Amino acid sequence: AAGEVIDPAECQVEPRAIEQIEQLVGTAGEEADATPDAAQAGSMEGEDADEATLQAVTQTYRELVACLNAGEFLRVYALYTDDYLRRTLTDRGIDPEQLQATPAPDQQEMAALAGVSDVRQLAGGQVTARVETISVPDGVSTVIQSVLEPVEDRLLIADETVVDAAAATPGAAGATPAAGGEEQAGGQGASEALVVESYDIYFEPEELSIPADSDVTVQLPNVGAALHNFSIDELGIDVDIAPGATEETVINT
């Protein structure tokens, strides 16, 4: 199935305020409610969810895809729980001030929602689901295992992980980034490619150390549900990465 390209106009959730994000980062380390790891959620015991829960999960992901298609990333963040953003933004060292910039949507590359399935109710009110998105026009299918939890009047995403990307090259999903620290800086293993994974709200790792005046290959798997881009303006590097795909660039600086 080609899936449904969700109209960006469906992105109606109130955006996160930059002050909210700064506050979340400032409270990193505080005890948070236990959230099942999405990577294990698929094998957890749980009851089949009712129709209302299925519709609530579907609505969350319809709006997420719509906001990704609109390039409205502060609205995207509003569809994730405080705890998910707190640990993600803090662990990745992202400067909240940089999050105010909203890139213009690329109308040539959109995301379609192919379906929501295996929705199950877990203990404590949390819900697990499998969600499939498809990038348009290249047709790359990405399956996400997600954990959602009720917050006020809707379900928000508490954790998620890519479990299958149909057109992924080796290392696109679940890849372990190669060491980019002292060993590379010292010139050892410089022939090995480094890996920078793109997720929907962060890169992993957040920085690399590479030897000077040497060609360094960097693999760029997109582990998220949306089109991502890796750019270094000063070096003329500008690489688009479709969901589930892995691109590659060479850095010499």
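Residues numbered from 1 in each chain as written. Predicted model: local features only at pLDDT ≥ 70, side-chain atom pairs only at ≥ 80, totals over all residues. Heavy atoms only, no water.

Focus: the overall build of the chain
- Counting secondary structure elements, the chain contains six helices and 13 strands.
- Considering only contacts in the chain between residues 6 or more positions apart, those separated by 24 or more positions represent 64%.
- For the chain, the accessible surface area stands at approximately 12,300 Å², while carbon and sulfur atoms represent 45% of it. (Helix = DSSP H or I, 4+ residues; strand = E, 2+ residues; numbered from the N terminus. Contact = heavy atoms within 4.5 Å. Areas by Shrake-Rupley, 256 points an atom, 1.4 Å probe, with all protein chains shown as cover.)

Some points on the pattern of salt bridges
- Applying the stated criterion across every chain yields a total of seven salt bridges.
- Between Glu10 and Arg62 there is a salt bridge; the shortest N-O distance is 2.6 Å. Here Glu10 is found in the loop between strand S1 (4-5) and helix H1 (18-26), whereas its partner Arg62 is found in helix H3 (residues 51-70), with 52 residues between them in sequence.
- Salt bridges sharing partners connect three or more residues here, namely Glu4, Glu10 and Arg62. (Salt bridge = Lys/Arg side-chain N within 4 Å of Asp/Glu carboxyl O.)

Quick look at the sheet that holds strand S7 (residues 194-195)
- The three strands lie next to each other as S7-S10-S13, forming an open sheet whose pairing is mixed. Of all the strands in the sheet, the pair left with one neighbour each is S7 and strand S13 (246-251).
- As paired strands, strand S10 (residues 216-221) and S13 are joined by six bridges and run antiparallel to one another. Bridge pairing links Val218 to Thr249 in S13. (Pairing = 2+ DSSP bridges.)

Some remarks on the packing of aromatic side chains
- All chains considered together, the criterion is met by one aromatic pair.
- Seen from their ring centres, Tyr80 and Tyr84 are 5.0 Å apart, and the 25° between their planes marks the pair as stacked. (Phe/Tyr/Trp six-rings, centres within 6.5 Å; stacked < 30°, edge-to-face > 60°.)

Here we look at the state of the cysteines
- On inspection of all chains with the given rule, the structure shows one disulfide.
- Residue pairing for Cys11: its cysteine sulfur links by disulfide to Cys67, the two sulfurs lying 2.0 Å apart. Given an S-S torsion of about 95°, the disulfide between Cys11 and Cys67 has right-handed geometry. You can see Cys11 sitting in the loop between S1 and H1 and its partner Cys67 sitting in helix H3, a full 56 residues away along the chain. (Disulfide = S-S within 2.5 Å.)

Remarks on the confidence of the model for the chain
- A residue-level look at the chain finds 73% of positions with pLDDT of 70 or above and a mean pLDDT of 78.
- Averaged pLDDT values over the elements of the chain bottom out at 36 in helix H6 (residues 182-185) and peak at 93 in H3.
- Every residue in residues 167-191 scores below 50 in pLDDT, and together they form 39 contacts with partners more than four places removed in sequence or on other chains. (pLDDT = per-residue confidence, 0-100.)

Examining unusual backbone geometry
- Between Glu204 and Pro205 the backbone carries a cis peptide bond, its omega angle lying at 0°.
- Of note, Pro205 is situated in the loop between strand S9 (203-204) and S10.
- With a phi angle near 55°, Glu152 is a residue other than glycine that sits in the positive phi range.
- The residue Glu152 is located in the loop between strand S5 (141-151) and strand S6 (154-165) in this model.
- Accessibility expressed as a relative area gives 81% for Glu152, which makes it exposed. (Buried < 20%, exposed > 50% of the residue type's maximum accessible area, 1.4 Å probe, protein only.)

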